[in-house]
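Single-letter residue listing:
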There are 2 protein chains.
Amino acid sequence: MFGRKEKEQEKFIATVAVSNRHVHLKEEVFKQLFDEPLSMKRPLNQVGEFASMQTVTLKGPKGEIPNVRVIGPFRKYNQVEVSRSDAIILGIDPPVRQSGDLEESETITLIGSKGEVTLENACIQAERHIHMNARKASELNLKHEDLVKIKVENDKGGMMEAFVKVSDNGYFEIHLDKDDANAFMLKTGDEVEVER
Amino acid sequence: MFGRKEKEQEKFIATVAVSNRHVHLKEEVFKQLFDEPLSMKRPLNQVGEFASMQTVTLKGPKGEIPNVRVIGPFRKYNQVEVSRSDAIILGIDPPVRQSGDLEESETITLIGSKGEVTLENACIQAERHIHMNARKASELNLKHEDLVKIKVENDKGGMMEAFVKVSDNGYFEIHLDKDDANAFMLKTGDEVEVER
């Protein structure tokens, strides 16, 4: 059952990308927030996605966080991704979820240059995940939603569990939030060992 | 070699205490910062230590952090303990160290109600550690500076390496910083499994 190929691929190296808090929007909500078109600031590694020129302020019952980047293109759902430390500032308790799994997630208010919108079932903490396309997944003998272990060997070493996310446009990289990155002193571009 | 006793103690449960940024001071430096006596706000679990009524602002080349608690009693060295996210705000790069190991650590400025002091070799990120006294260490078959693994089983699960810190006044608890706590969604009082 555990052949040579599988054994060889029990460990692999992947690159870290640290995700700051950000927002995905439906076009209709974007238009309530801004009087300008969604415009690209820079492309992201995930194929077709981009950081836009537009930012919002997040507002919760306890506090606000300004300058939160809108990610393009528009999506079929509104989704605000924050870290635990962000959630504490805002005074909310978002569940840890995969992208798009928004049922009974948190309510949050967005303030744009034109207007303000309160979104229900819209705010999550993103599950740690490792993006890849089907070819890479096959090469690594992994499938969508497999759990892997990200190993960190430094002065604040340890291991983080993360989920495999297979998609057509999946660029091979590990997505961690700022809290994860700071706890383990990692930054975008760092290479780490991943165990199946 | 691995008898019954050792096997039984390969895992144990310990309680988490989350340490926010804080400052230990020599009496002479405290007197440069404050025109009032060091006074107790509340005792800490570590026997003899207390959170004082006095707070300072930390100042680095890039930013400031206000309301940072002075911990009593006075020590024989000045030591400022910050997290990685604090270090990024301040614009400094403190090494990860045990308490008291300050050689070639960071420079930082403290602002009190009376005055301002810049301290060289004074700022570190605290190593993750688990406090205990000699009796507890013996019971768990651990010794000072042993490396243990703190296991977290939740939606952001994983493992953090931590060092055993044996001292006379050691109250049995795990000290993590805010970044660690937020990355793993832990709070003071949470119980976790520790592996030798």
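In this text the structure is predicted, and so the values were computed from the model without any measurement. (Residues numbered from 1 in each chain as written. Chains lettered and ligands numbered in written order. Predicted model: local features only at pLDDT ≥ 70, side-chain atom pairs only at ≥ 80, totals over all residues. Heavy atoms only, no water.)

### So, the domain arrangement of chain A
All names here are of chain A.
And then number 1: If you check the domain split of chain A, you get domain 1 (11–16 + 128–195) and domain 2 (20–126).
And then number 2: Inter-centroid distance (C-alpha atoms) of domain 1 to domain 2 is 23 Å.
And then number 3: The interface of domain 1 with domain 2 comprises 13 residues on the first partner and ten residues on the second.
And then number 4: A combined buried area of about 1,000 Å² lies between domain 1 and domain 2, and 40% of that area is made up of carbon and sulfur atoms.
And then number 5: Sorting the residues of domain 1 by area buried against domain 2 places Asn 169, Lys 178 and Asp 179 first, and these three jointly supply 42% of that buried surface.
And then number 6: Between the two partners, domain 1 and domain 2, sit zero salt bridges.
And then number 7: The interface formed by domain 1 and domain 2 contains nine residue pairs in polar contact (both at pLDDT 80 or more). (Domains from an automatic or database assignment. Contact = heavy atoms within 4.5 Å. Buried area = accessible area lost by both parts, 1.4 Å probe. Salt bridge = Lys/Arg side-chain N within 4 Å of Asp/Glu carboxyl O. Polar contact = N/O pair within 3.5 Å; in protein donor to acceptor, adjacent residues only side chain to side chain.)

### A closer look at the interface of chain A and chain B
And then number 1: Counting from both sides, the interface comprises 20 residues of chain A and, opposite them, 20 residues of chain B.
And then number 2: Where chain A abuts chain B, roughly 1,800 Å² becomes buried across the two surfaces, and 56% of that area is made up of carbon and sulfur atoms.
And then number 3: Inspection of the chain A/chain B interface yields four salt bridges.
And then number 4: When the shortest N-O distance is used, the salt bridge between Asp177(A) and Lys156(B) registers 2.9 Å.
And then number 5: On the surface where chain A and chain B come into contact, there are 13 residue pairs in polar contact (both at pLDDT 80 or more).
And then number 6: Looking at the side of chain A that touches chain B, the elements with two or more residues in it are helix H3 (84–90), strand S12 (158–166) and helix H5 (178–183) of chain A.
And then number 7: Considering only residue class, the side of chain A that touches chain B consists of seven nonpolar, five polar and eight charged.
And then number 8: Pairing of S12(A) with strand S12 (residues 158–166) of chain B involves three bridges; the strand directions are antiparallel. Directly across from Met160(A), in S12(B), lies its bridge partner Gly158(B). (Helix = DSSP H or I, 4+ residues; strand = E, 2+ residues; numbered from the N terminus. Nonpolar A, V, L, I, M, F, W, Y, C, P; charged D, E, K, R; others polar. Pairing = 2+ DSSP bridges.)

### Considering the relation of the copies chain A and chain B
And then number 1: At an RMSD of 0.0 Å, chain A and chain B line up after a rotation of 180 degrees and a shift of 0.0 Å along the axis. Expressed as a symmetry operation, the mapping of one chain copy onto the other fits a two-fold axis. Across chain A, the rotation axis passes nearest the C-alpha of Met159(A), at a separation of 2.4 Å.
And then number 2: Most of the interface of chain A is mirrored in chain B: 100% of its interface residues are interface residues there too. (Least-squares fit on C-alpha atoms with pLDDT ≥ 70 in both.)

### Examining the pattern of salt bridges
And then number 1: A full pass over the atoms with the stated rule returns 30 salt bridges over all chains.
And then number 2: Its salt-bridge partner being Arg97(A), residue Asp101(A) comes within 3.6 Å of it at the nearest N-O pair.
And then number 3: According to the relative accessible area criterion, Arg97(A) is buried, its value standing at 17%.
And then number 4: Taken together, the shared-partner salt bridges connect Arg128(A), Asp177(A), Asp180(A) and Lys156(B) into one network. (Buried < 20%, exposed > 50% of the residue type's maximum accessible area, 1.4 Å probe, protein only.)

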